Amino acid sequence: MSKRPLCIISIVMTLCVNSMAIDFMGPPTADLKEGQWKVGYTYHYSENDWLLDEVQIDTVKITRNYATFNYGLVDEHMELYGFIGYADTEIGSYNVFGKEISFNGNNDYAFGAGAKITANKYDNADWGALIQASWLKSDDAASGASIDGGHTYSGKYEVDFHAYELQIAVGPTIKVMDGWKVYGGPFVYVLHGVIEDEVSG
């Protein structure tokens, strides 16, 4: 019996509030057969407050648009995937040299990759694990004046924003009915964010 690759197309949309910056993961189990591949589109929106290097950053809004690619390595047991697209970042307020400014980043590139492994398969549920890493970048510029240490700074504020995310999840994917599944379970989430600002003028 010969195996023929199969292409599957999917579209996913997620909206999250107070969810840190968590990128969309999907189920923690593999469902593609060996040689099958899947392409899709994912829209993801998240909104929350951050604390980076003891600096409070209010109302961080991130909108991501991804093209996704999945490939089955072992029949319904191991799957690799990647995604690439762009992200738009907005920050309600951020302190630069004593001045509260807003950040409205441009649409810059974002990408990531991951793997899913199904450890056990049962009639009504599969158990597995997932690991995923992603990265995004955004930048903005604003004009104004501020005072820091008795000195007055005026001119252009240039702000670069980078975020790195690592997610590891385990749990079941439960088969509810034909074509419908639900999934969940514990996960580890690591966020490393960097905001670089420069004042010129």
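About the cut-offs
Residues numbered from 1 in each chain as written. Predicted model: local features only at pLDDT ≥ 70, side-chain atom pairs only at ≥ 80, totals over all residues. Heavy atoms only, no water. Helix = DSSP H or I, 4+ residues; strand = E, 2+ residues; numbered from the N terminus. Buried < 20%, exposed > 50% of the residue type's maximum accessible area, 1.4 Å probe, protein only. Areas by Shrake-Rupley, 256 points an atom, 1.4 Å probe, with all protein chains shown as cover. pLDDT = per-residue confidence, 0-100. Patch = residues over 30% accessible without salt bridge, like charges linked within 9 Å, V, L, I, M, F, W, Y side chains within 5 Å. Salt bridge = Lys/Arg side-chain N within 4 Å of Asp/Glu carboxyl O. Phe/Tyr/Trp six-rings, centres within 6.5 Å; stacked < 30°, edge-to-face > 60°.

Trainee: What's the story with the overall build of the protein chain in this structure? I'm lost.
Mentor: Broken down by element type, the protein chain carries 0 helices and 10 strands. Each helix and strand of the protein chain, ordered N terminal to C terminal, gives the series β-β-β-β-β-β-β-β-β-β. Here the protein chain holds 201 residues, and the buried ones make up 39% of them. Surface summary for the protein chain: the accessible area is close to 11300 Å², and the carbon and sulfur share equals 58%.

Trainee: Honestly, the confidence of the model for the protein chain in this entry has me stumped. Any pointers?
Mentor: A low pLDDT score tells you not to read the predicted coordinates there in detail. With 68% of its residues at a pLDDT of 70 or more, the protein chain has an overall mean of 78. Least confident of the elements in the protein chain is strand β1 (residues 7-17), whose mean pLDDT is 53; most confident is strand β6 (residues 108-121), at 93.

Trainee: So what exactly am I meant to see when it comes to a nonpolar patch on the surface here?
Mentor: There is a patch of nonpolar side chains on the surface, built from Trp-37, Tyr-71, Leu-73, Val-74 and Leu-80 and spanning about 420 Å² of accessible area. At 3 residues, the largest contribution of residues to the nonpolar patch is made by strand β3 (residues 55-74). For Tyr-71, a relative accessible area of 39% translates into the label partly exposed.

Trainee: Sorry, what's going on with the packing of aromatic side chains here?
Mentor: What characterises a pair of aromatic rings is the spacing of the ring centres plus the angle enclosed by the ring planes. This model, assessed by the stated rule, comprises 5 aromatic pairs. Seen from their ring centres, Tyr-109 and Trp-135 are 5.4 Å apart, and the 35° between their planes marks the pair as tilted. Taken together, the residues span a long stretch of sequence, with Tyr-109 in strand β6 and Trp-135 in strand β7 (residues 125-148) at a distance of 26 residues. According to the relative accessible area criterion, Tyr-109 is partly exposed, its value standing at 43%. Considering the side-chain rings of Trp-135 and Tyr-164, the 6.0 Å spacing of their centres and the 45° angle between planes classify their relative orientation as tilted.

Trainee: Honestly, unusual backbone geometry in this entry has me stumped. Any pointers?
Mentor: Leave glycine aside and you will find that most residues have negative phi; peptide bonds, for their part, are mostly trans. Positive phi, close to 50°, is recorded for Glu-76, a residue that is not glycine. With respect to the secondary-structure elements, Glu-76 resides in the loop between β3 and β4 (78-96).

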